[in-house]
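Chain by chain, the residues:
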Amino acid sequence: MGNKHLKSQRCGAKTRQKCAGCKDSPEYHAGNAPDVYYCSNDCLKKD
């Protein structure tokens, strides 16, 4: 991933933290299980 910052799913803040629960989730159709990112655990819980 390098220095690339992604946006938090909920608030749009810059982040690099990937949702651990989404890691390696199964895809039933190619591309339908994208990685999800959050800026903090608090932001994830509010979503």
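Structure's up top.
Caption draft 1: Just the overall build of the chain, in detail. Assigned secondary structure in the chain consists of one helix and two strands. Overall, the chain shows an N-to-C arrangement of helices and strands of β-β-α. Buried positions account for 21% of the 47 residues belonging to the chain. Sequence separation of 24 or more characterises 38% of the internal contacts of the chain that already satisfy a separation of 6 or more. Surface accessibility of the chain: about 3,900 Å² in total, with carbon and sulfur atoms responsible for 46%.

Caption draft 2: Structural detail: the environment of Ser-8. Among the structural elements, Ser-8 can be located in the loop between strand E1 (6-7) and strand E2 (14-15). For the pair Ser-8 and Val-36, spaced 28 residues apart in sequence, the C-alpha separation works out to 7.8 Å.

Caption draft 3: A look at the pattern of salt bridges. For the structure on display, the rule yields two salt bridges. For the salt bridge of Asp-35 with Lys-18, the shortest nitrogen-to-oxygen distance reads 3.3 Å. Of this pair, Asp-35 sits in the loop between E2 and helix H1 (41-46) while Lys-18 sits in the loop between E2 and H1, placing them 17 residues apart in sequence. Judged by relative accessible area, Asp-35 falls into the partly exposed class, the value being 40%. Classification of Lys-18 by relative accessible area gives partly exposed; the value is 38%. The partner of Lys-46 in a salt bridge is Asp-42, and the shortest N-O contact between them spans 3.3 Å.

Rules used in this analysis
Position numbers for residues count from 1 along each chain, tracking the sequence in the order it is written. Under the rules for a predicted model, residues below a pLDDT of 70 receive no local features and side-chain atom pairs below 80 are neither given nor counted, while totals for whole chains, interfaces and linings still include all residues. Only hydrogens and water are set aside; all other atoms, that is, all heavy atoms of the structure, feed into the side-chain values. Runs of H or I in DSSP of at least four residues are treated as helices and runs of E of at least two as strands, each being numbered from the N terminus. The buried label applies to any residue whose accessible area, calculated with a 1.4 Å probe on protein chains only, is under 20% of its type's maximum; exposed applies above 50%, and partly exposed to all values in between. Contacts are assigned to residue pairs with any non-hydrogen atoms lying within 4.5 Å of each other. Using a 1.4 Å probe, the Shrake-Rupley method yields the accessible areas, and only the shown protein chains count as cover for residues. Each salt bridge in this description consists of a side-chain nitrogen of Lys or Arg and a carboxyl oxygen of Asp or Glu lying within 4 Å of one another.

Coordinates in, geometry out; function isn't part of it.
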